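# Summary of the model geometry
What follows is each chain in one-letter form.
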Amino acid sequence: MRKKASTTSRAPTTSRPPRKSKPPARPARPPSPGKGKRGEDGYLAYLLRQAQAAARLSLDRALTSTGLTHPQFVVLTMLKAYPGLSGADLARVALLTPQTVNVIIGNLERDGAIRSTPHPVHGRVLQWTLTRRGLALLAKARRQATALERRLTGGLSKRDLATIRRWLARIAAELHQA
């Protein structure tokens, strides 16, 4: 059964010429790292952040074979360098939040990589040290990190590398005080 045509009148349509269809605009693509503002023309703070993010991602990937996360690796590294740190001190030197360090400490202690002893004066404060297992785990992870550092420093002279290390350390020290 067919519907009857509507008897209501419609406004007359004006005839328009057909539109030429434009190809859809492509979104602007940012340059790859090392180009434009992501390269030598970029802002220094951004370039530092970009380099840190790339190094962090590479280290995360390299550490997967060790079973450690990057933050766990940093905590073990700091405990080897500074045995006996408290959780709060570890958070400061590892550049992590105290909450994150508490979780990391719990996991590393459960895995037998670190152990605690009460502080001799402030008995409620726990001091953390590496166990043999922690030292072995750190040595395995350090081999992965060393391979990455070789990639980072490839083509740099010892003098250039020393200059970069001094510059980075100076930035950290000066901005920490500000």
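Keep in mind that what you see is a predicted model, and the values were worked out from it rather than measured.

Right, let's talk about the pattern of salt bridges for a bit. One pass over the structure, following the stated rule, counts 4 salt bridges. When the shortest N-O distance is used, the salt bridge between Asp89 and Arg92 registers 2.7 Å. Placement of both Asp89 and Arg92 in helix 3 (residues 87-94) is noted, with a separation of 3 residues, approximately one turn of the helix. Given a relative accessible area of 30%, Asp89 falls into the partly exposed group. Residue Arg92 is classed as exposed on the basis of its relative accessible area, which comes to 56%. Measuring nitrogen to oxygen at the nearest pair gives 3.6 Å for the salt bridge that ties Glu174 to Arg170. A residue pair is termed a helical-turn pair when its members lie 3 or 4 positions apart in one helix, as Glu174 and Arg170 do in helix 6 (residues 158-177) at 4 residues. The exposure class assigned to Glu174 is partly exposed, which follows from its relative accessible area of 47%. Look at Arg170 and you get partly exposed, because its relative accessible area is 46%.

Let's shift gears to the packing of helix 1 (residues 44-63) against helix 2 (residues 70-81). Axis angle and axis distance: for two packed helices, these are the angle between their axes and the distance between the axes, and together they describe the pair. Running from amino to carboxyl end, helix 1 crosses helix 2 at an angle of 85°, the nearest separation of the two axes being 9 Å. Of the possible angle classes, the one that applies to helix 1 and helix 2 is roughly perpendicular. Along its contact with helix 1, which presents Arg56, Leu59, Asp60 and Leu63, the element helix 2 presents His70, Pro71 and Phe73. Residue composition of the contact of helix 1 with helix 2, grouped by class: 4 nonpolar, 1 polar and 2 charged.

On to the side chain of Ser86. Along the chain, Ser86 turns up in the loop between helix 2 and helix 3. Overall, the relative accessible area of 12% leaves Ser86 in the buried class. In contact with Ser86, not counting residues within four places along its chain, are Val125, Leu126 and Trp128.

The next thing to look at is the nonpolar core. Ranked by size, the top nonpolar core spans 26 residues in total, and within it Phe73, Val75, Leu76, Leu79, Leu90, Leu108 and Ile114 carry the most contacts. Going through the elements one at a time, helix 1, helix 2, helix 3, helix 4 (98-110), strand 2 (126-130) and helix 5 (132-153) are the ones with two or more residues in this core. Take this core: its biggest share by element is 6 residues, from helix 2.

Parameters at a glance
Residues numbered from 1 in each chain as written. Predicted model: local features only at pLDDT ≥ 70, side-chain atom pairs only at ≥ 80, totals over all residues. Heavy atoms only, no water. Salt bridge = Lys/Arg side-chain N within 4 Å of Asp/Glu carboxyl O. Helix = DSSP H or I, 4+ residues; strand = E, 2+ residues; numbered from the N terminus. Buried < 20%, exposed > 50% of the residue type's maximum accessible area, 1.4 Å probe, protein only. Axes fitted to C-alpha atoms, helices over the stretch in contact; angles between N-to-C directions. Parallel < 35°, antiparallel > 145°, perpendicular 65-115°, else oblique. Contact = heavy atoms within 4.5 Å. Nonpolar A, V, L, I, M, F, W, Y, C, P; charged D, E, K, R; others polar. Core = buried A, V, L, I, M, F, W, Y, C linked by side-chain atoms within 4.5 Å.

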